[in-house]
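Chain and residue survey
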Amino acid sequence: MPIKEISAKTGQLKKVQGLYRSANRRKYGQIIVEGPQAVRELLAMQPALVRDVYATESALGIHPDLAQLIARADLYLHLLPADLFLELSQDAQGILAVASMPEVPALSQLLQESKLLVFALRSADPGNLGTIIRAADAFGAQGVVIGAGSVEVTNPKVIRASVGSLFHLPVVAAPDATDFVALARSSGFQVCAAHGRADYYLDELAMRASNGSGTCDLRAEQIDLRKPTIWMLGNEAHGFSEQELALADSAVAIRMSGRAESLNVAMAASICLYTSAQAQLLASHLE
């Protein structure tokens, strides 16, 4: 594990700072991974992507397992004093990595290998998109698809909010929503739009799916959570356009018994994914 102590700003540190700009990330094909947990998952799951690690001695003292992972992968470790590290990032808790983006499958391959996916349309908020990726990972979805108008998945805030889940499952771009939905349907998926005003309530669909028969007793045109499903999510502030909503087989609402006006899009994604995952798991046990 080559270790280099850096006590003053260098050209290399300026290049790292430059990766906070989208144009430089595209130019160099590199990303910034901030924070102990995100770096931990990167090192554990895809160490070959890592180019350099930057840390303070204090952070490595708090997280000795990270030092072990860095040594095991024989990576370059750059030790910085706390004040200099803060010039790189005030959000990384003393450790960040520079890495290449994970390779992702083609959309056709992802659909062939999946039963549960998220399709985020115009997801502009980095924290929400990162949390959606984290939720998809937590509840067993096989990937996340990002539509046009969304924040870049290489954005450090997205990666930080995913807390390392970006390195667990593929996140693939689909520039044309109409083409992607057509491809998904031809691959056997139903497309559900999570929407407050809807044709179905999620809890009713969950009860139908858990009736214990193990067979599909719904009409072919009805939503069945046991089937391969794509959850389509709208923009955080504006929801779906009429054209986007028309792409879905049906809209599904989460019934709320309290007085909140609506749910955050990442919260809604979590509930929909959990419910679908449970229905699919139950169906697989009854087969």
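Residues numbered from 1 in each chain as written. Predicted model: local features only at pLDDT ≥ 70, side-chain atom pairs only at ≥ 80, totals over all residues. Heavy atoms only, no water.

1. A word on the packing of aromatic side chains
With the rule as written, the count across this model stands at two aromatic pairs. When the centroid spacing of 5.6 Å and the interplanar angle of 75 degrees are considered together, the rings of Phe-139 and Tyr-274 count as edge-to-face. With a gap of 135 residues between them, Phe-139 in the loop between helix 8 (126-138) and strand 7 (143-147) and Tyr-274 in helix 13 (residues 265-286) connect regions that are remote in the sequence. For Phe-139, a relative accessible area of 29% translates into the label partly exposed. Residue Tyr-274 is classed as partly exposed on the basis of its relative accessible area, which comes to 42%. Above the face of the Tyr-201 ring, Arg-255 is positioned so that its terminal group lies 3.9 Å from the ring centre. (Phe/Tyr/Trp six-rings, centres within 6.5 Å; stacked < 30°, edge-to-face > 60°. Helix = DSSP H or I, 4+ residues; strand = E, 2+ residues; numbered from the N terminus. Buried < 20%, exposed > 50% of the residue type's maximum accessible area, 1.4 Å probe, protein only. Lys NZ or Arg CZ within 6 Å of the ring centre and 35° of its normal.)

2. Concerning the sheet that holds strand 6 (residues 116-120)
On the basis of which strands lie adjacent, the open sheet formed by seven strands has the order 8-7-6-11-9-12-10 and parallel pairing. The open sheet has two free edges, formed respectively by strand 8 (171-174) and strand 10 (200-201), since each of these has just one partner strand. Pairing geometry for strand 9 (residues 190-194) and strand 12 (residues 250-253), over three bridges, is parallel. Looking at strand 12, one finds that Ala-193 is bridged to Ala-251. Set on the sheet, helix 10 (residues 177-186) makes contact with strand 6, strand 7, strand 8, strand 9 and strand 11 (229-233); between it and strand 6 the angle comes to about 170 degrees. (Pairing = 2+ DSSP bridges. Contact = heavy atoms within 4.5 Å. Axes fitted to C-alpha atoms, helices over the stretch in contact; angles between N-to-C directions.)

3. What to know about the layout of surface pockets
The computed volume of the largest pocket comes to approximately 610 Å³. If you trace the largest pocket, you find 26 residues lining it, with Ala-194, His-195, Gly-196, Ser-262 and Leu-263 closest to the centre. Of the residues belonging to the lining of the largest pocket, the class tally is 13 nonpolar, nine polar and four charged. Size it by volume and the second largest pocket reaches roughly 200 Å³. What lines the second largest pocket is a set of 15 residues, and nearest its centre among them are Ile-146, Glu-152, Val-153, Val-172 and Ala-173. (1 Å grid on protein atoms, 1.4 Å probe; cavity = no way out; pocket = protein on both sides within 12 Å on 5 of 7 lines; lining within 4 Å. Points joined across faces, edges and corners; volume = space filled by probe spheres on them. Nonpolar A, V, L, I, M, F, W, Y, C, P; charged D, E, K, R; others polar.)

4. A short note on unusual backbone geometry
Backbone phi values are negative for most residues with the exception of glycine, while trans is the configuration of most peptide bonds. Of note in the backbone geometry, Asp-74 takes a positive phi value of approximately 55 degrees without being a glycine. With respect to the element layout, Asp-74 can be found in the loop between helix 5 (64-72) and strand 4 (76-79). Positive phi, normally seen in glycine, also occurs at Arg-122, with a value near 50 degrees.

5. Looking at helix 5
All of the buried residues in helix 5 are Leu-66, Leu-69 and Ile-70. Angular distribution of buried residues about the axis of helix 5 spans 100 degrees; they occupy a single face of the element. Residues of helix 5 that are exposed and point over 90 degrees away from its buried face: Gln-68 and Arg-72. After helix 5 finishes, the residue Asp-74 shows a positive phi value of roughly 55 degrees. (Arc of directions from axis to C-beta.)

6. Points about the sheet that holds strand 2 (residues 30-34)
The mixed open sheet is built from five strands, whose spatial order is 1-4-3-5-2. A single partner strand is all that each edge strand has here, and the edge strands are strand 1 (3-5) and strand 2. Across the sheet, the mean angle separating the axes of adjacent strands is 20 degrees when strand polarity is ignored. When strand 3 (residues 50-55) meets strand 5 (residues 95-100), the two strands line up antiparallel, connected through five bridges. If you follow Val-53 over to strand 5, its bridge partner there is Ala-97. Strands in contact with helix 1 (residues 11-18) are strand 1, strand 2, strand 3, strand 4 and strand 5; relative to strand 3, the strand with the most contacts, it is inclined by about 105 degrees. In the packing of helix 3 (residues 36-45) onto the sheet, contacts are made with strand 2, strand 3 and strand 5, and the angle to strand 5 comes to roughly 40 degrees.

7. Remarks on the nonpolar core
Residues Val-33 and Trp-231 are the most contacted members of the largest nonpolar core, which totals 57 residues. Those residues in contact with Trp-231 that lie beyond four places of it in its chain are Leu-116, Leu-117, Val-118, Phe-119, Cys-192, Ala-194, Leu-202, Leu-225, Val-252, Cys-272, Leu-273 and Ser-276. In terms of nonpolar packing, the next biggest core, distinct from the first, is built from 21 residues, Leu-111, Ala-184, Ala-193 and Met-232 among them. (Core = buried A, V, L, I, M, F, W, Y, C linked by side-chain atoms within 4.5 Å.)

8. Thoughts on the confidence of the model for the chain
Predicted coordinates in regions of low pLDDT should not be interpreted in detail. Taken over all residues, the pLDDT of the chain has a mean of 91, while the share at 70 or more is 95%. Predicted confidence in the chain is weakest over strand 1, with a mean pLDDT of 80, and strongest over strand 6, with 98. Taken as a whole, residues 213-220 scores under 50 in pLDDT and shows 13 contacts with residues more than four places along the chain or in a different chain. (pLDDT = per-residue confidence, 0-100.)

9. Side note on the pairing of strand 12
By the alternation rule, side chains of strand 12 split into Ser-250 and Val-252 and Ala-251 and Ala-253, which are all buried. Summarising the sheet, strand 10 and strand 12 pair through two bridges and their orientation is parallel. Bridged to Tyr-201 within strand 12 is Ala-253.

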